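Summary of the model geometry
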Amino acid sequence: MPTIPRKVRRLSKRDRLVLTVMVAIPTLIQLVFVWLPTLFSIGLSFTRWNGLDLTDIRPAGASNYQFVAQEYPPFWPAVQHNVLWLVFLAVVATPLGLLLAVLLDQNIRGSRLYQSIFFAPVMLSLALVGVIWQLFYQRDHGLLNFLLGTAGQPSAVDWFGDSNVNIWAALVAATWRHAGYVMLLYLAGLKGVDPSLKEAAALDGANAGQTFFRVVFPAMRPINIVIVVITIIESLRAFDIVYVINRGTNGLELISALVIQNLVGEGQVIGVGSALATILLVISLVPIVFYLTRTFGKEAKES
Amino acid sequence: MTISPTLDRRTLLKTLGIGAVGVAGIPLLSACTGGSGPAGGSGSKTMTFGSSASDDVPKRAYQAVVDAFQKKEGATVTVNTVSHNDFQNKINSYLQGSPDDAFTWFAGYRMQYYAGKGLLAPVDDVWKQIGGNFSDALKKASTGPDGKMYFVPNYNYPWGFFYRKSFWAQKGYTVPTTFDELKTLAAKMKADGIIPIGFADKDGWPAMGTFDYINMRLNGYQFHVDLCAHKESWNQPKVQAVFDTWKALLPYQDPGALGQTWQDAAQLLGQKKTGMYLLGSFVTQQFTDKATLDDIDFFPFPAIAVEGQDSIEAPIDGLLLSKKGGDSQVAKDFLQFMGTPEAQNTYYSVDTSNIATAKGADTSKFSPLNKKCADAIANAKNISQFFDRDALPAMANNVMIPALQSFIKDGTVDIKNLESQAATLYAAQ
C-alpha cells in the first residue's frame, strides 16, 4: 500500500511572523526569569560569596554540598520531614480529599456550600492561616487544649513548642489545606466521567464500591496522575505552615524553609543556600520528569 | 516551510513544564533591588536620611529630631523610611546601590563588617566635637575595625533580670549578685511553686541573651567579642564551660520556652507566674497596666567568674554615614547633632522606651526604672551588642538558633560542630 503523502499547509508570511513572536516572547521570558536564575543558582552553589562585590566570588568546589550533608544539623531532619510530609499527604490528605469529593458528588443538599467551606483554606493568606492555627493549638488558651480539658495546666501539650508533636500539628494543618485542593480536582474529574459507564456497571450488577473502584476511579486516570504529581510537589513545596509557626526550626525543619533561611534576609549564605536550592531542584525534577514523560509519552503514542 | 500544529503545542508545553522546574531557583535574585534617593550634594544644605524606624513611635521620634535639625541648620533633610525588616534584609544591596547619606543602624560587628568593606564613611571629625558626650564604652562600640570612628549612638536599652518588686517583697526574695545566689534564689522559688526564671525561645533569638551573659561573666567581654567575630574557636573548653554553667540554670528556666514568644513570657512575669525574666528593657512595653509597670524592677546579671558585673548587654541604635554621605557636610552635621543631648532629648520626648546615650541628656523625666537602667549602662565598663549584632548574622540565625533550641530541649550541644559551621560561614565573607 503506497504511503499517503502528508497534507502540507502553507503558512502566510503573517502567520509565520505571529507564530515566531508568540513563541519567542514566552521563550525569552522563560530564559530571563527562569533559566538564567536557575543556572546562576546552580553556578553559585559551587562558590563562596558574601553577596557584596562580584570580584568576591570564589570557587569552592563541592564544599557547600559537603557542608550541607555533613555539618549542617538541620539538613537531614529536614529531608526526613519532607518524606514524612509526602507520606502523610499521600496516605491521609489525598484520600480524604477524594472521599470529600465522592460525598459531595452525590447531589446532597448544600453541596456547593460544603465545597466552598472545604476549599476555603486553599485560598487563605499565610498570615490568616497562622492566626487560625495559633488559636487552635495555643498551649494555654487554645481551642484544642481547652477541649482536652488541659488548658492552663502543666500537663497541657505544647503543640507548637514540643518538637515531638509539632510536626504532626503542622501536618494536620497541611491536610486541612491539601484535602480541599484535591477535593476540587476530583469533583471536576467525577463530573467528567461518563454517567453511562456507571449505568452499565449497575446493569452488570456491580455494587457502589465496585462501581467506584473498578469503573469510575480508573476512568479518572488523567486526574489521578495530576493528583500524584500535585501531592509530591506540595510535599516538596511545603513551607508556609511551618514558617508561620516558628520559621521552620525546632522539629519543623523542611528543605524549603532552609533554602529561605540561607538565601533570603540577614542569614544569607549564598553558596550554602544555592546548594540547598539546587538539591531541592534535583529532587523536584523527579516527579516533573515523570509527569512530562507520562503526558507527552501518551500523546506521542496517540499522534 | 511546514509547521505541524501538534509539534508546536508540544514545544510550548515543554517549555512551560521546564518553567515549573526553574521556579525552585528563583529566590536567588530576590535581593537584587537597591534603594534610591536624590543625591545630596555637598554644600547645598540638602541631604537624605534612610530610616528603618518604621513603627509609629520611633518614626515620629526621628521626625522630631530631623525637624529640630532642619530648624537649627536651615538644611533640608529628605527622610526615606523603610520597614525595619526590609531595611535589615536588604542592607547589602542598599549600601552598594545608591544609599542615603545618613542611615539608621546598629553598633557592633554588623557595623564593623560594612566599615571593613569600605561601604561606610568615617566620622572622626564629628567625634572630635561630640566625643565628650559619650562614655569610653560607647566610644569603643562606635569604632570600626581600622580604629576610625564610624557610628554615632542615639539610644540603647539594657538586658537584665526584670521582676515585680511587690511580689519579691511579699515572698522575702532578695536581689542576687552572684551566680550561686541566683541558683539558691531560683531553688527557693521553685520550692514555692513558682517558675523561677521566665524564658521564651520560639523565635530563636531571646536565648542568645542568656548565652551572652554567661559567656561574658565566665570568659570576659573581650572573649565574647572575639568569639562572635570568630577570632576565637568555638571548639574549646571555655565555650563548653558556658553551656555547662548554663545547664545548672536550665531546670529553673520556664520549660515551655520553645513554644512561647517573649511577649507571652512577659505576661507570665506580670501575672507573677514566673519570678524573674532575663530580657531587654523593651519587656516593659508589654505591661500596659500602670500599676504593674510601676512595680517592675531591674537587676543586672549576677557575677560568675571574671570582671564582676562590669559588662552589660545593651544594644545601641544610632546613625552611620554611607560612603557617599561622607562627602556631604550637612550629613556630617546631622550625625553631630544626633550626638548631642539636645537631639537625644528631642528623640526621648517622643519615644520613651529607650535610653539616651549622650551625657547631659535630660534624665529628669525618666521613670525610676529607666533611671536604674541608665545608671547600669553608665556604670558599665563594657557594652556588648547582643549576639546577633556582635556576630555574623548567618552565624546567629542559621547556626545559633537551632543549636540553642536543641540545647534548651535536651541540654546537649556539639561545640565541634558549631566550630565547623562557623569556619564555613565566616570563610564565605
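What you see is a predicted model; the values in this text were computed from it and never measured.

Helix and strand counts for chain A come out as 13 helices and 2 strands. The globule rule puts the C-alpha radius of gyration for 303 residues at 19 Å, and the 25 Å found for chain A is more than 25% above it. Across its three principal axes, chain A shows a C-alpha extent of roughly 75 × 60 × 35 Å. Burial statistics for chain A: of 303 residues in total, 34% are counted as buried. Put simply, 61% of the contacts in chain A that link residues at least 6 apart link residues at least 24 apart.

On to the overall build of chain B, then. Per the secondary structure count, chain B includes 20 helices and 12 strands. Look at the contacts in chain B between residues 6 or more apart in sequence, and 80% of them connect residues 24 or more apart.

Once that is clear, we can look at the sheet that holds strand β7 (residues 274-280) of chain B. All names here are of chain B. Across the sheet, which stays open at both edges, the 4 strands sit in the order β6-β7-β5-β8 with mixed pairing between neighbours. Both outer strands of the open sheet, β6 (195-198) and β8 (296-299), are each paired with one neighbouring strand and no more. Going across the sheet, the axis of each strand differs from the next one's by a mean of 25°, ignoring polarity. With 4 bridges joining them, strand β5 (residues 159-164) and β8 adopt antiparallel strand pairing. Across the sheet, residue F161 finds its bridge partner in β8, namely F299. Its contacts with the sheet place helix α17 (residues 368-379) against β5 and β8, and it is angled at close to 10° to β8.

All names here are of chain B. Domain annotation for chain B reports domain 1 (46-157 + 316-377) and domain 2 (159-313 + 392-427). Each of domain 1 and domain 2 has a C-alpha centre, and the two are 28 Å apart. In this assembly, 9 residues from domain 1 lie in contact with 15 residues from domain 2. Mapped by element, the contributors of at least two residues to the side of domain 1 that touches domain 2 are α5 (109-116) and α17. For the side of domain 1 that touches domain 2, the element with the highest residue contribution is α17, accounting for 5 residues. Here the side of domain 1 that touches domain 2 is composed, by residue class, of 6 nonpolar, 1 polar and 2 charged.

Looking now at the sheet that holds strand β3 (residues 102-106) of chain B. All names here are of chain B. Within the open sheet, the 6 strands sit side by side as β2-β1-β3-β10-β4-β11. Their pairing is mixed. Unpaired on one side and paired on the other, β2 (76-81) and β11 (355-356) mark the two borders of the sheet. Looking at chain direction, strand β1 (residues 46-51) and β3 are connected through 2 bridges and run parallel. Looking at the pairing, G50 lines up with F103 of β3. Of the strands in this sheet, β1, β2, β3, β4 (152-156) and β10 (316-321) are in contact with helix α15 (residues 329-338), which crosses β10 at around 160°. Relative to β4, helix α16 (residues 341-350) is tilted by about 30°, and along the sheet it contacts β4 and β11.

Right, let's talk about the packing of helix α10 (residues 207-219) of chain B against helix α12 (residues 237-249) of chain B for a bit. All names here are of chain B. Across the interface, α10 lies against α12 with an axial gap of 9 Å and an inter-helix angle of 120°. Looking at the two axes, α10 sits oblique to α12. Here α10 runs over α12; the crossing is right-handed. Two secondary-structure elements touch here, α10 through T210, F211, I214, N215, L218 and N219 and α12 through K238, A241, V242, T245 and W246. For the contact of α10 with α12, the residue count by class is 6 nonpolar, 4 polar and 1 charged.

With that settled, the discussion passes to helix α11 (residues 221-228) of chain B. Residues and elements named next belong to chain B. Turning to α11, its buried residues are Y221, H224, V225, L227 and C228. Taken around the axis of α11, the buried residues stretch over an arc of 165°, which confines them to a single face. Those residues of α11 that are buried are in contact with α5, α10, β9 (311-313), β12 (382-384) and α18 (387-390). H230, located one to two residues past α11, shows a positive phi value of around 60°.

Side chains of a nonpolar character, in soluble globular proteins, are inclined to be buried together. Formed by 184 residues in total, the largest nonpolar core has its most connected members in A170 and L276 of chain A together with F162, Y277, F334 and L335 of chain B. No other element matches the 14 residues that helix α7 (residues 166-192) of chain A contributes to this core. Composition of this core by domain shows at least three residues from each of domain 1 (46-157 + 316-377) and domain 2 (159-313 + 392-427) of chain B. If near-sequence neighbours (up to four positions away) are discounted, L276 of chain A is found in contact with V68, I255, L258, V259 and N262 of chain A.

Let us now look at the pairing of β4 of chain B. Residues and elements named next belong to chain B. Counting buried positions along β4 gives 5 out of 5 residues, so the element sits mostly inside the fold. Here β4 pairs with β10 via 4 bridges, running antiparallel. Each bridged residue has a counterpart across the sheet, and for V152 the counterpart in β10 is L319. Pairing between β4 and β11: 2 bridges, direction antiparallel. Residue Y155 lies in a different strand from β11, and its bridge partner there is A356.

Turning to the confidence of the model for chain B, a few remarks are in order. Residue and element names in this part refer to chain B. Overall, the predicted model of chain B reaches an average pLDDT of 86, with 90% of residues at or above 70. Per-element confidence in chain B is highest for α10, whose mean pLDDT is 95, and lowest for helix α1 (residues 5-22), whose mean pLDDT is 40. Confidence over residues 1-43 falls short of pLDDT 50; this stretch has 84 contacts with residues more than four positions distant or in other chains. Here the predicted complex carries an ipTM of 0.81, next to a pTM of 0.81.

This next bit is on the environment of T38 of chain A. Residues and elements named next belong to chain A. Here T38 lies in helix α1 (residues 13-44). In this structure T38 comes out as buried when scored by C-beta crowding, with 22 C-beta atoms within 10 Å. Residues T38 and P26, spaced 12 residues apart in sequence, show a C-alpha to C-alpha distance of 17 Å.

Looking now at helix α4 (residues 111-123) of chain A. Taking 1.5 Å per residue, 13 residues should reach 18 Å; α4 of chain A reaches 19 Å between its end C-alpha atoms and fits that length. In the structure, α4 of chain A departs most strongly from a straight axis at I117 of chain A, where the bend amounts to approximately 25° and where the proline P121 of chain A lies between one and four residues downstream.

Analysis parameters
- The residue numbering used here restarts from 1 in each chain and proceeds along that chain's sequence as written.
- Written order determines the labels here, with chains lettered from A and ligands numbered from 1.
- Only residues with pLDDT of at least 70 are given local features in this predicted model, and only at 80 or more are side-chain atom pairs given and counted; all residues enter the totals for whole chains, interfaces and linings.
- The secondary structure listing takes helices from DSSP runs of H or I that are at least 4 residues long and strands from runs of E that are at least 2 residues long, numbered from the N terminus.
- Radius of gyration: C-alpha atoms only; globule rule: 2.2 Å multiplied by the number of residues to the exponent 0.38.
- Buried means a residue has 20 or more other C-beta atoms within 10 Å of its own C-beta, exposed means 12 or fewer, and partly exposed covers the counts in between; C-beta atoms are placed from the backbone.
- Our contact criterion uses C-beta atoms placed from the backbone: two residues qualify when those atoms are within 7 Å.
- Any two strands with at least two DSSP-identified bridges between them are counted as paired.
- As a rule, the C-alpha atoms of each element are fitted with a line to give its axis, helices using only the stretch in contact, and angles between N-to-C directions run from 0 to 180 degrees.
- In this document the domain limits rely on a domain assignment from an automatic tool or a database.
- Each residue gets one label: Ala, Val, Leu, Ile, Met, Phe, Trp, Tyr, Cys and Pro are nonpolar, Asp, Glu, Lys and Arg are charged, and the others, such as Gly, are polar.
- Working rule for angles: under 35 degrees goes down as roughly parallel, over 145 as roughly antiparallel, 65 to 115 as roughly perpendicular, anything else as oblique.
- What makes a crossing left-handed is the near helix being turned counterclockwise from the far one by less than a right angle; a clockwise turn instead makes it right-handed.
- Within this analysis, the arc is defined by the directions that extend from the helix axis to the C-beta atoms.
- Under the definition applied here, buried Ala, Val, Leu, Ile, Met, Phe, Trp, Tyr and Cys residues are grouped into a nonpolar core through C-beta atoms within 7 Å.
- Residue-level confidence of the predictor, termed pLDDT, takes values from 0 up to 100.
- For a helix, the expected span equals 1.5 Å multiplied by the number of residues minus one.
- A residue's bend is simply the angle between two axes: one fitted to the seven residues ending at it, one to the seven starting at it.

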